[in-house]
Amino acid sequence: MITYLYVEDDEDIREGFMAVMEAPHRKIVGVADAEAALALDGHERFDVLVTDVSLPGMSGSDLARQWLANDSQRHVLLISGYEFKQGLTNIGTNVRALLKSCEPEDLEAMLTNIETLLAAQRP
């Protein structure tokens, strides 16, 4: 089972993305802000952080940095309304980005790619 922590402040978008992400081998937990994500991560270990970049309070990029502070090999998928031209590697080596307007197939392909990398990392 791959566990995902999905952070999106817009409830409709959060529910829509979570429905697209749903699969038998995935557990997806959704929260509305970075602070809730950090609190949950303190109690449960998640494999992948999927987060909107523009969040109230702490940004998704800052959340990703904090998420990776203790384990730089964790995986992050940043979702944004704007295309990242550069800078993802400054956040971490396993950080990727998708546009919020992406097609469901693009999201699924990205998640499958991350899951393949996770499987290769596990003993």
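This is a predicted model, so every value here is computed, not measured.

(A) Layout of the environment of Ser72. Counting through the fold element by element, Ser72 comes out in the loop between helix 3 (60-69) and strand 4 (75-80). Along the sequence, Ser72 and Ile91 sit 19 residues apart, while their C-alpha atoms lie 9.2 Å from each other. Ignoring sequence-local partners within four residues, the contact set of Ser72 consists of Thr93 and Asn94.

(B) Summary view of the packing of helix 2 (residues 34-41) against helix 3. Put simply, helix 2 and helix 3 touch, their axes get as near as 10 Å, and they point 15 degrees apart. Comparing the axis directions of helix 2 and helix 3 gives the class roughly parallel. Crossing of helix 2 against helix 3: the hand is right-handed. Only Leu63, Gln66 and Trp67 of helix 3 make contact with helix 2, whose side of the interface consists of Ala34, Ala37, Leu38 and Asp41. Grouping the amino acids of the contact of helix 2 with helix 3 by side-chain chemistry returns five nonpolar, one polar and one charged.

(C) Fine view of the packing of helix 1 (residues 11-21) against helix 5 (residues 104-121). It is the contact of helix 1 with helix 5, at a shortest axis distance of 10 Å, that shows an interaxial angle of 60 degrees. In terms of orientation, helix 1 lies oblique with respect to helix 5. Helix 5 is crossed by helix 1, and the crossing has right-handed handedness. Contact residues: helix 1 offers Phe17, Val20 and Met21, while helix 5 offers Pro104, Leu107, Glu108 and Leu111. When its residues are assigned to classes, the contact of helix 1 with helix 5 shows six nonpolar, no polar and one charged.

(D) Structural detail: the packing of aromatic side chains. By the definition in use, this model includes one aromatic pair. Ring plane angle 25 degrees and centroid distance 5.8 Å describe the contact between Tyr6 and Phe17, whose orientation is recorded as stacked. Residue Tyr6 is located in strand 1 (residues 2-7), and its partner Phe17 is located in helix 1; the two are separated by 11 residues in the primary sequence. A relative accessible area of 1% means that Tyr6 is categorised as buried. When its relative accessible area of 10% is taken as the criterion, Phe17 is described as buried. Cation over ring: Arg74 sits above Trp67, and NZ or CZ is 3.5 Å from the ring centre.

(E) Broad picture of the nonpolar core. Within the largest apolar cluster, 20 residues are counted, with the highest numbers of intra-cluster contacts made by Leu5, Val7, Val76 and Leu78. If you list the elements that add at least two residues to this core, you get strand 1, strand 2 (26-31), helix 2, helix 3, strand 4 and helix 4 (88-91). When residues of this core are assigned to their parent elements, the largest contribution, four residues, is made by helix 3. In this structure, Val7 is in contact with Val31, Ala32, Asp33, Ala34, Ala37, Leu49, Val50, Thr51, Asp52, Leu55 and Leu63, ignoring residues within four places of it in sequence. Counting residues in each nonpolar core, the second largest holds 17 residues, with Met21, Val48, Leu98 and Ile114 among its members.

(F) Spatial organisation of the pattern of salt bridges. For the structure on display, the rule yields eight salt bridges. Here Glu8 and Lys100 are joined by a salt bridge, their closest N and O atoms 3.3 Å apart. Of this pair, Glu8 sits in the loop between strand 1 and helix 1 while Lys100 sits in the loop between strand 5 (95-99) and helix 5, and the two are 92 residues apart along the sequence. Owing to a relative accessible area of 1%, Glu8 belongs among the buried residues under this scheme. Salt-bridge contacts for Lys100 lead to Asp52; the nearest nitrogen and oxygen are separated by 3.1 Å.

Parameters at a glance
- Residues numbered from 1 in each chain as written.
- Predicted model: local features only at pLDDT ≥ 70, side-chain atom pairs only at ≥ 80, totals over all residues.
- Heavy atoms only, no water.
- Helix = DSSP H or I, 4+ residues; strand = E, 2+ residues; numbered from the N terminus.
- Contact = heavy atoms within 4.5 Å.
- Axes fitted to C-alpha atoms, helices over the stretch in contact; angles between N-to-C directions.
- Parallel < 35°, antiparallel > 145°, perpendicular 65-115°, else oblique.
- Left-handed = near helix turned anticlockwise from the far one by under 90°.
- Nonpolar A, V, L, I, M, F, W, Y, C, P; charged D, E, K, R; others polar.
- Phe/Tyr/Trp six-rings, centres within 6.5 Å; stacked < 30°, edge-to-face > 60°.
- Buried < 20%, exposed > 50% of the residue type's maximum accessible area, 1.4 Å probe, protein only.
- Lys NZ or Arg CZ within 6 Å of the ring centre and 35° of its normal.
- Core = buried A, V, L, I, M, F, W, Y, C linked by side-chain atoms within 4.5 Å.
- Salt bridge = Lys/Arg side-chain N within 4 Å of Asp/Glu carboxyl O.

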